[in-house]
Amino acid sequence: MLGERIAQHQARVWLVNTGWTGGPYGIGTRMKIKYTRAMIRAALSGGLDHVRYERDTVFNLDVPTSCPDVPSEVLNPRNTWTRPADYDARAAELAQMFRDNFKAFEGDVAPDVIAAGPRSR
C-alpha cells in the first residue's frame, strides 16, 4: 500500500542516517544533529534533486555524493570507517540479517519489492 501511495502522489522517499557513523557502537559516534537537519532541509527543499548519486551495492540504495552544509565524506557511511573492510563485513552481516528476516514475507510481496532489498556482494 505504501508503494501505491508513493506512486500515486509521486512522493520522494529519503532514508536519513541519524544513527552511528565511523564505526559500530562503542567505536563510532552519533551522526551530528546539524548534519541530520541539513540533510532533511535539503531533501524537503529540493536541494538533493540535482546532485550526483552513487549506488550502494549492498543495500541497493542511491546515496548523494554531496549535500548542502554536510561534509561529503559523511554521506557514504563506508567513508567514515577507519578500516573500510570492517565496514564491508558489518554491512554484509546486516544485509544478510535483513534478507533472513524478510524470508517470512516473500510469499506475500511482488518480485520487484524483493529485488529492491539488500544484496550480497
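Definitions and limits used
- Residues numbered from 1 in each chain as written.
- Predicted model: local features only at pLDDT ≥ 70, side-chain atom pairs only at ≥ 80, totals over all residues.
- Heavy atoms only, no water.
- 1 Å grid on protein atoms, 1.4 Å probe; cavity = no way out; pocket = protein on both sides within 12 Å on 5 of 7 lines; lining within 4 Å.
- Points joined across faces, edges and corners; volume = space filled by probe spheres on them.
- Helix = DSSP H or I, 4+ residues; strand = E, 2+ residues; numbered from the N terminus.
- Nonpolar A, V, L, I, M, F, W, Y, C, P; charged D, E, K, R; others polar.
- Phe/Tyr/Trp six-rings, centres within 6.5 Å; stacked < 30°, edge-to-face > 60°.
- Buried < 20%, exposed > 50% of the residue type's maximum accessible area, 1.4 Å probe, protein only.
- Salt bridge = Lys/Arg side-chain N within 4 Å of Asp/Glu carboxyl O.

(A) Structural view of the layout of surface pockets. By volume, the largest pocket amounts to about 2,000 Å³. As for the largest pocket, its lining consists of 50 residues, of which Leu-15, Phe-59, Asn-60, Leu-61 and Phe-98 are closest to the centre. Within the residue set of the lining of the largest pocket, elements represented by two or more residues are helix 1 (2–9), strand 1 (20–21), helix 2 (33–45), strand 3 (53–56), strand 4 (61–64), helix 3 (84–102) and helix 4 (111–115). When residues of the lining of the largest pocket are assigned to their parent elements, the largest contribution, 10 residues, is made by helix 3. For the lining of the largest pocket, the class distribution of residues is 33 nonpolar, eight polar and nine charged. If you add up the space inside the second largest pocket, you get close to 150 Å³. Within the lining of the second largest pocket, the residues separate by chemical class into four nonpolar, three polar and three charged.

(B) Structural context of the packing of aromatic side chains. Counted by the stated rule, this structure contains three aromatic pairs. Arranged with centres 5.5 Å apart and planes meeting at 75°, the rings of Trp-81 and Tyr-87 form a pair that is edge-to-face. Judged by its relative accessible area of 14%, Trp-81 falls in the buried class. For Tyr-87, a relative accessible area of 9% puts it in the buried group. Their ring planes at 45° and their centres at 6.1 Å tell us that Phe-102 and Phe-105 sit as a pair that is tilted.

(C) Looking closely at helix 1. With zero of eight residues buried, helix 1 lies mostly on the surface of the structure. Downstream of helix 1 by one or two residues, Gln-10 has phi in the positive range, about 50°.

(D) A look at the pattern of salt bridges. Taken as a whole and judged by the stated rule, the model has six salt bridges. For the salt bridge of Asp-62 with Arg-55, the shortest nitrogen-to-oxygen distance reads 2.9 Å. Residue Asp-62 is classed as partly exposed on the basis of its relative accessible area of 46%. Residue classification places Arg-55 among the partly exposed residues on the basis of a relative accessible area of 46%. The salt bridge involving Arg-78 is made with Asp-88; its shortest N-O contact spans 2.6 Å. Of the two residues, Arg-78 is situated in the loop between strand 4 and helix 3 and Asp-88 in helix 3; the sequence distance between them amounts to 10 residues.

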